[in-house]
Amino acid sequence: MTLPEAAQAPLEFGGPLGVTAMMVLLPATMFHLLLVACSGPARLLGPPEYLPGLEELWSPRALLLLFIWLGLQVALYLLPARKVAEGLELKDKSRLRYPINGFQALVLTALLVGLGVSAGLPLGALSGMLLPLAFATTLTSFIFSLLLYAKALVAPASALAPGGNSGNAIYDFFLGRELNPRLGSFDFKYFCELRPGLIGWVFINLSLLMREVELRGSPSLAMCMVNGFQLLYVGDALWYEESVLTTMDIIHDGFGFMLAFGDLAWVPFTYSLQAQFLLYHPQPLGLPMALLFCLIKGIGYYIFRGANTQKNTFRKNPSDPSVAAVFLQVLRPSLLPQGGSCWCLGGGERFAIPTTWETSSWLWPGPCPVV
């Protein structure tokens, strides 16, 4: 999509007015959830029991802790990777290279935190710093997004995202103008996608578990299950890190406030709400019900992993035999392009319509084969 076409394309999220509202409502919703999770009745609808003042939100100590955390994850990102993968082809026909060492970063972080706890690091105290940490992360996300926007102003047209270049500064600030902002080989969007937020979520959960041990002598079964299930999700994402290279976030969306705030703030502070709720509102859980939950989780994970593996395989190579048969099972002749032509894929005829930007490189109209 050229820049004139991008400027004329329909705007998402209600345009500039809609994204302005989202930049206010998303942080407000996050803070509302954090406050009600630790309140007495924990009511989702209705105001929190109290509203913190600025002195409770702003903490230089929390800001320092955030920067130490980001610095650690940057250092782990820069370590030699067990594998370096190429992304999908860009508009200029080039392919970017990405280190696949996210799982390594998770393991090394766990080792470092474990050493810290054994030396007396009060990890459980982190549970009492979530509000100022969320505030510091939100401010950092805004400032980071401004720097990304400024960087995109001098980026070549080939480096810009198809959707974040409408010409409206507020809208483009939210969606992100540059597709893959980099400093040398360091890719900001790829780094933020899976590292600081997802790994931070794991250790926020762990801090809440340790705080529960401090308060009640032992962790509850419900808290252990929440920690275990969510660790499985994060571990899966980092073990299959290469598959993120075919997602819309990487191949289509610019890197602006939407993804920066989502990756750095929304993920760790709202995804950990289950553990936050359990700390302040213990829930008894018997072994039979826990086993049922584990069975449901196992079935769900099997479906989740199989579907994501299949999706990633298809996006990388639509002609792969392992997914071509599935693709052919959903033929819809009514969706054929006009004029007697067919949608062609990988040299063969396929009855489907390209609906996303990334398909345009491998799906095109062509003559139908003679049957």
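In what follows, the structure referred to is the one given above.
Computed from a prediction, not measured in an experiment: that's the story for all the values here.

A.B. asks: Describe the overall build of the chain, naming the residues involved and giving the relevant values.
C.D. replies: Across its full length, the chain carries 15 helices and seven strands. The contacts in the chain between residues at least 6 apart in sequence include a share of 72% that link residues at least 24 apart. When the accessible surface of the chain is totalled, it reaches about 18700 Å², and 69% of it is carbon and sulfur.

A.B. asks: Before we move on, could you go through unusual backbone geometry and cite the residues and values that matter?
C.D. replies: The phi torsion at Phe-13 lies on the positive side, around 60 degrees, for a residue other than glycine. By the element assignment, Phe-13 lies in the loop between helix H1 (3-8) and helix H2 (15-37).

A.B. asks: Tell me what's going on with the packing of helix H4 (residues 60-77) against helix H5 (residues 102-118), and back it up with residues and numbers.
C.D. replies: Packing of H4 against H5 brings their axes to within 10 Å, and their N-to-C directions diverge by 130 degrees. Viewed along their axes, H4 and H5 adopt a mutual orientation that is oblique. Of the two possible hands of crossing, H4 and H5 adopt the one that is right-handed. Here Trp-69, Leu-72, Gln-73 and Leu-76 of H4 come into contact with H5, specifically with Ala-105, Leu-108, Thr-109 and Leu-112. Looking at side-chain class alone, the contact of H4 with H5 contains six nonpolar, two polar and no charged residues.

A.B. asks: Run through the nonpolar core, naming residues and quoting values.
C.D. replies: Core analysis: the biggest nonpolar cluster contains 74 residues, and Met-30, Phe-31, Phe-144, Phe-255 and Phe-269 have the highest contact counts within it. Each residue touching Phe-144, except ones within four places of it in the same chain, is listed here: Phe-188, Cys-192, Phe-255, Ala-260 and Leu-264.

A.B. asks: Outline helix H12 (residues 257-270), listing residues and values.
C.D. replies: With 14 residues, H12 extends just 17 Å between its outermost C-alpha atoms, more than 12% less than the 20 Å of an ideal straight helix rising 1.5 Å per residue. Among the 14 residues of H12, 12 are classified as buried, and the element is accordingly described as predominantly covered. Residues of H12 that are buried: Phe-257, Leu-259, Ala-260, Phe-261, Gly-262, Asp-263, Leu-264, Ala-265, Val-267, Pro-268, Phe-269 and Thr-270.

A.B. asks: How would you summarise the environment of Glu-12 if you had to cite specific residues and measurements?
C.D. replies: Looking at the element boundaries, Glu-12 is found in the loop between H1 and H2. Once the C-alpha coordinates of Glu-12 and Leu-175 are considered, the two residues, 163 residues apart in sequence, prove to be 9.2 Å apart. Those residues in contact with Glu-12 that lie beyond four places of it in its chain are Val-19, Tyr-171 and Leu-175.

A.B. asks: Go over the environment of Leu-198 with me, naming the residues and quoting the values.
C.D. replies: Mapped onto the fold, Leu-198 is located in helix H9 (residues 196-216). Take Leu-198: its relative accessible area is 8%, and that puts it in the buried class.

A.B. asks: Run through the packing of aromatic side chains, naming residues and quoting values.
C.D. replies: Applying the stated criterion across every chain, the model contains 20 aromatic pairs. Note on Phe-13 and Phe-174: the rings are 5.9 Å apart at their centroids and 75 degrees apart in plane angle, and the pair reads as edge-to-face. Pair noted here: Phe-13 is in the loop between H1 and H2 and Phe-174 is in helix H7 (residues 169-175), with a separation of 161 residues, a long-range link. Among the aromatic residues, those joined into a ring-pair cluster are Tyr-77, Tyr-98, Phe-144, Phe-186, Phe-188, Tyr-190, Phe-191 and Phe-255. Above the ring of Trp-239, the side-chain terminus of Arg-82 is found at 5.6 Å from the ring centroid. Lying over the aromatic face of Tyr-98, Arg-182 brings its terminal NZ or CZ to 4.9 Å of the ring centre.

A.B. asks: Please give an account of the pattern of salt bridges that cites residues and values.
C.D. replies: Summed over all chains, the structure comprises eight salt bridges. The closest approach of N and O atoms between Arg-182 and Asp-187, which form a salt bridge, is 2.9 Å. An identical accessibility class is assigned to Arg-182 and Asp-187; each is buried. In this structure, Glu-241 and Arg-195 form a salt bridge, with 2.8 Å as the shortest nitrogen-oxygen distance. Highlighted residues: Glu-241 in the loop between helix H10 (221-239) and helix H11 (248-251) and Arg-195 in the loop between helix H8 (188-194) and H9, separated in sequence by 46 residues. On the basis of relative accessible area, Glu-241 is assigned to the buried category, the value being 1%. Its relative accessible area of 0% is what places Arg-195 among the buried residues.

A.B. asks: I'd love a proper account of the environment of Gly-128, names of residues and values included.
C.D. replies: With respect to the element layout, Gly-128 can be found in the loop between H5 and helix H6 (130-152). On the accessibility criterion, Gly-128 (61% relative accessible area) is exposed. Separated by 80 residues in the primary sequence, Gly-128 and Leu-208 place their C-alpha atoms 9.0 Å from one another.

The rules we used
- In this numbering scheme, every chain counts its residues from 1 along its sequence in written order.
- Where totals are concerned, whole chains, interfaces and linings use all residues; where local detail is concerned, this predicted model gives features only for residues with pLDDT of at least 70, and gives and counts side-chain atom pairs only at 80 or more.
- Only hydrogens and water are removed before side-chain values are computed, so all heavy atoms of the structure are retained for them.
- A run of DSSP states H or I qualifies as a helix once it reaches four residues; a run of E qualifies as a strand once it reaches two. Both are numbered from the N-terminal end.
- Whether two residues are in contact is decided by their heavy atoms: any pair within 4.5 Å suffices.
- Where accessible areas are quoted, they stem from the Shrake-Rupley method and a 1.4 Å probe; at the residue level, only the protein chains shown are allowed to cover.
- Geometry is summarised by axes, namely lines fitted to C-alpha atoms with helices restricted to the contacting stretch, and by angles between N-to-C directions that run from 0 to 180 degrees.
- Angles below 35 degrees are treated as roughly parallel, those above 145 as roughly antiparallel, those between 65 and 115 as roughly perpendicular, and all remaining angles as oblique.
- Crossings are sorted by hand: turned counterclockwise from the far helix by less than a right angle, the near helix makes the crossing left-handed, and turned clockwise it makes it right-handed.
- Residues are sorted three ways: Asp, Glu, Lys and Arg are charged, Ala, Val, Leu, Ile, Met, Phe, Trp, Tyr, Cys and Pro are nonpolar, and all the rest, Gly among them, are polar.
- Only buried residues count toward a nonpolar core, which is a set of Ala, Val, Leu, Ile, Met, Phe, Trp, Tyr and Cys residues joined through side-chain atoms within 4.5 Å.
- Each residue is assigned to one of three classes by its accessible area relative to the maximum for its type, calculated with a 1.4 Å probe on protein chains only: buried under 20%, partly exposed between the two thresholds, exposed over 50%.
- Here the expected span of a helix is defined as 1.5 Å times the quantity of residues minus one.
- Between the rings of Phe, Tyr and Trp (Trp by its six-membered ring), a pair exists once the centres lie within 6.5 Å; its type follows the angle of the planes, with under 30 degrees stacked, over 60 edge-to-face, and the other angles tilted.
- Working rule: Lys NZ or Arg CZ, within 6 Å of ring centre, within 35 degrees of ring normal, means a charge sits over the ring.
- By definition here, a salt bridge exists when the distance from a side-chain nitrogen of Lys or Arg to a carboxyl oxygen of Asp or Glu is within 4 Å.

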